[in-house]
Structures are given as C-alpha cells and as structure tokens.
Amino acid sequence: MSSTTNGQWYPPEWPDRIRALANGELTPAEPRRAATVLLLRDSTAGPTVHMLRRRVSMAFAGGAYAYPGGSVDRRDERPVAWAGPSRAQWAVRMGVDPATAQTIVCAAVRETFEEAGVLLAGTSAETVVADTTGEEWEADRAALVAHEVSFADFLGRRGLVLRSDLLGAWARWITPEFEPRRYDTWFFVAALPEGQRTRNASTEADRTVWIRPEEAAAGYDRGELLMMPPTIATLRSLQPYATATDALAAAEAQNLTPVLARTRLVGGEIELSWPGHDEFTKHIAQGDADTGAPWDGDGPPERPSPSGGTPA
C-alpha cells in the first residue's frame, strides 16, 4: 500500500492505470468538488493540526492520515445566513462563480462539523458557537451525515450564521486522471474556535490526533505516517508559521492554482510528477506493475509489512 522510502501513498494498480491512460484505453472520470479543512490549535511548541487516520479497510487511501473533509453536496447550494467575505469575494479568490464558491465553503464548514464535531458558525457575524457537545448537537450531526437534513436547514433551525471569515483558502489539488475516484479538492485553514473541541465523529476514521506539522512531516519522512501528496505538501507549507493566527493571515497569499499530476512514458518507463512538488516525482520501470506488490517508483516493488505500512 505504501512506499518503502517514506510514507507516501502509492497504490499498486497505478502503473497499469497510467499506461492505460497513456494508450487511450482509460477515460478520466469527472472529478467531484470537495473541501477539507486544516484545523489549527496553538500550543507552547507552536500550532498543531487536527488529523484523522482513514480506516485501513477503506477503498480509497485506507490507512492514510488526512484532514476532515468530503464531497460537495448538491444541497450546499441552498441559501444560508452568511458572514465574512461575500460569495462574490470568495468567487474572485477561488476563480469560480459565486454559487460554486458558496457550495465549496459550505462543504468545508459542514464536513468539519460532520467529521470533527467543530462548527464554524455563530448566532451573529461576531460570535461563534462555544460548545457543540450533547445529545441534541449529536442528533443534528448524525442527520447531516445521513442526508436527512440540509446544512442550510440545520443552520436556519438553530438561527446560526455561517462564519466564512473563519476560513482561509490554502490550496487546491485535483486527483490524477488515472484514478477511478477523482476529486477537485479545496484545502482551507481555520483555527479551532474557543470552547469547542474535536472528536472522532467520522465512520471513516479509526484515530485522530493533534500534531505539529513538523512532527507529522518527520513521521512521514520516516515512513511511519502514511499520507497522500496533498496532505504532506500542505503540512510542509504550514511549518513557517508560529501561530494559527499567522497561518490564517497568510492564507490570502497562497497560490490556488490547481495541482494535477502529470504522467509521461519515456521508453518503457513511466514518469509521474506533481508540478511544483518535486519530492513526489517517481519513475516506474516496465515490470513494476506485474508483481502485485506495492511499489515505490524508484526501484523494484517491495512486499508490504504485516501492518500494511501504517502506524499502530
């Protein structure tokens, strides 16, 4: 499942799929819009980020560490009480139309509540919910997850305003064209609201942690923490900031040009790269896809460890 040289997630079927795409035998799936949030919390050693580990049994990125997030719901288009930059301002920042901007921002806030129990909303443009624990909040969260209620209806019934000003757009990554499940994912940063606390509310995760970006990146480099390229790339980009406030202030200057993997065939060898992120470039020889074992791209495939290459 994972690379043997670090914690980068590379499925063993990728080489065959890349060759099929190059040969015109594979039609790229249309990517679904998605949003994910890097929740930050200050500590004496600097900001920490909330991460969850996807269950090993998950079909997509099983065992990998990620952030709370998920796909845009069509009902995220419904009107909501809104505070902070307008939809038009978000549209300019993100390079999309205002309606699309709303769906992505709504998805970011909704998914953070669904998967981490944290809600970036308040009773006014100047307030934030201080506590989202208790049976009634949990019932609302479960109803959202089950699509029994829309996010707009949830906010409206509770008299809440979505605080878009608590988010900062940080990056945008699109799943490679050879993947069967594809997402056009927007990454946001946000500080954990005072009084709220995270919990593992996701059925897709078996573990959650608060960890300094430097510590998480070091675990990835040692091959102990499995991550997809967007996750480790965004972690590294957080390292220069001393506080969550500093990171939020820096969001406005972040480059939102979509990052999409490139592949090319040179002889019998595949070159897989992500523009602007040289550390992820891999070269796969012709025979690497034939053993059925995970591969690291820089040499012959290795057999997986008993733990599947994920931390205990």
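Worth saying up front: this structure is predicted, and the values here are computed from it rather than measured. (Residues numbered from 1 in each chain as written. Predicted model: local features only at pLDDT ≥ 70, side-chain atom pairs only at ≥ 80, totals over all residues. Heavy atoms only, no water.)

Caption draft 1: Highlighting the overall build of the protein. Assigned secondary structure in the protein consists of eight helices and 14 strands. Counting contacts in the protein only where the partners sit at least 6 residues apart, residues at least 24 apart contribute 70% of the total. (Helix = DSSP H or I, 4+ residues; strand = E, 2+ residues; numbered from the N terminus. Contact = heavy atoms within 4.5 Å.)

Caption draft 2: View of the nonpolar core. M51, M227, L272 and W274 are the most contacted members of the largest nonpolar core, which has 44 residues in total. Ignoring any residue separated from it by four or fewer positions in sequence, one finds W274 in contact with Q8, Y10, W14, W173, P176, P229, V259, L260, A261 and F280. Within the second largest apolar cluster, 40 residues are counted, among which are V37, A91, A101 and A143. (Core = buried A, V, L, I, M, F, W, Y, C linked by side-chain atoms within 4.5 Å. Buried < 20%, exposed > 50% of the residue type's maximum accessible area, 1.4 Å probe, protein only.)

Caption draft 3: Inspection of the sheet that holds strand β14 (residues 277–284) at higher detail. Sheet architecture is open: three strands sit in the order β12-β13-β14, paired in antiparallel fashion. With one partner strand each, in any of the chains shown, β12 (262–266) and β14 form the two edges of the open sheet. Averaged over all pairs of adjacent strands, the angle between their axes in this sheet comes to 20°, without regard to strand direction. Here strand β13 (residues 269–274) runs beside β14; their pairing, made up of four bridges, is antiparallel. If you follow I270 over to β14, its bridge partner there is I284. Set on the sheet, helix α1 (residues 14–22) makes contact with β12, β13 and β14; between it and β13 the angle comes to about 95°. The sheet strands contacting helix α7 (residues 229–238) are β13 and β14, and the helix crosses β14 at an angle near 155°. (Pairing = 2+ DSSP bridges. Axes fitted to C-alpha atoms, helices over the stretch in contact; angles between N-to-C directions.)

Caption draft 4: Examining the confidence of the model for the protein more closely. Confidence in the prediction of the protein, expressed as mean pLDDT, is 86, and 85% of residues score 70 or more. In the predicted structure, residues 289–312 sits below a pLDDT of 50 and forms 51 contacts with residues beyond four places in sequence or in another chain. (pLDDT = per-residue confidence, 0-100.)

Caption draft 5: Main features of the pairing of strand β2 (residues 46–54). Taking burial as the measure, the nine residues of β2 include nine buried ones, the bulk of the element. Where strand β1 (residues 32–43) lies against β2, four bridges are found, and the strand directions are antiparallel. Bridging from a neighbouring strand, R41 pairs with T48 of β2. Connecting the antiparallel pair β1 and β2 is a turn made up of two residues. With two bridges joining them, β2 and strand β3 (residues 65–66) adopt antiparallel strand pairing. Bridged to L52 within β3 is A66.

Caption draft 6: Representation of the packing of aromatic side chains. Under the definition given, this model contains eleven aromatic pairs. Judged by centre distance (5.0 Å) and plane angle (75°), the ring pair of W14 and F178 falls under edge-to-face. Of this pair, W14 sits in helix α1 while F178 sits in the loop between β8 (168–174) and β9 (183–191), and the two are 164 residues apart along the sequence. What makes W14 buried here is its relative accessible area of 2%. Taking relative accessible area as the criterion, F178 reaches 1% and is therefore assigned buried. The interplanar angle of 80° and the centroid separation of 5.8 Å between the aromatic rings of W170 and Y241 together place this pair among those described as edge-to-face. Note that W170 is positioned in strand β8 and Y241 in the loop between α7 and α8 (244–250), a separation of 71 residues in sequence. (Phe/Tyr/Trp six-rings, centres within 6.5 Å; stacked < 30°, edge-to-face > 60°.)

Caption draft 7: The sheet that holds strand β6 (residues 121–122), seen in detail. Strand order in the open sheet formed by three strands is β5-β7-β6, with mixed pairing between adjacent strands. In the strand order of this sheet, the two ends are held by β5 (82–83) and β6, each with one partner. Judged from the two bridges that link them, β6 and strand β7 (residues 161–163) form a sheet pairing that is antiparallel. Looking at β7, one finds that G122 is bridged to V161.

Caption draft 8: Seen up close, unusual backbone geometry. Although it is not a glycine, H147 sits at a positive phi angle of roughly 60°. One can find H147 in the loop between α4 (135–145) and α5 (151–158).

Caption draft 9: Up close: the environment of T257. Here T257 is to be found in the loop between α8 and β11 (259–260). Look at T257 and you get partly exposed, because its relative accessible area is 48%. Each C-alpha atom of the pair T257 and A171 lies 7.6 Å from the other, and the pair is 86 residues apart in sequence. Only 2.7 Å separates the side chain of T257 from the side chain of N255, close enough to count as a polar contact. (Polar contact = N/O pair within 3.5 Å; in protein donor to acceptor, adjacent residues only side chain to side chain.)

Caption draft 10: Seen up close, the environment of A250. Mapped onto the elements of the fold, A250 is located in helix α8. Counting along the chain gives 81 residues from A250 to A169, while the straight-line C-alpha distance between them is 9.7 Å.

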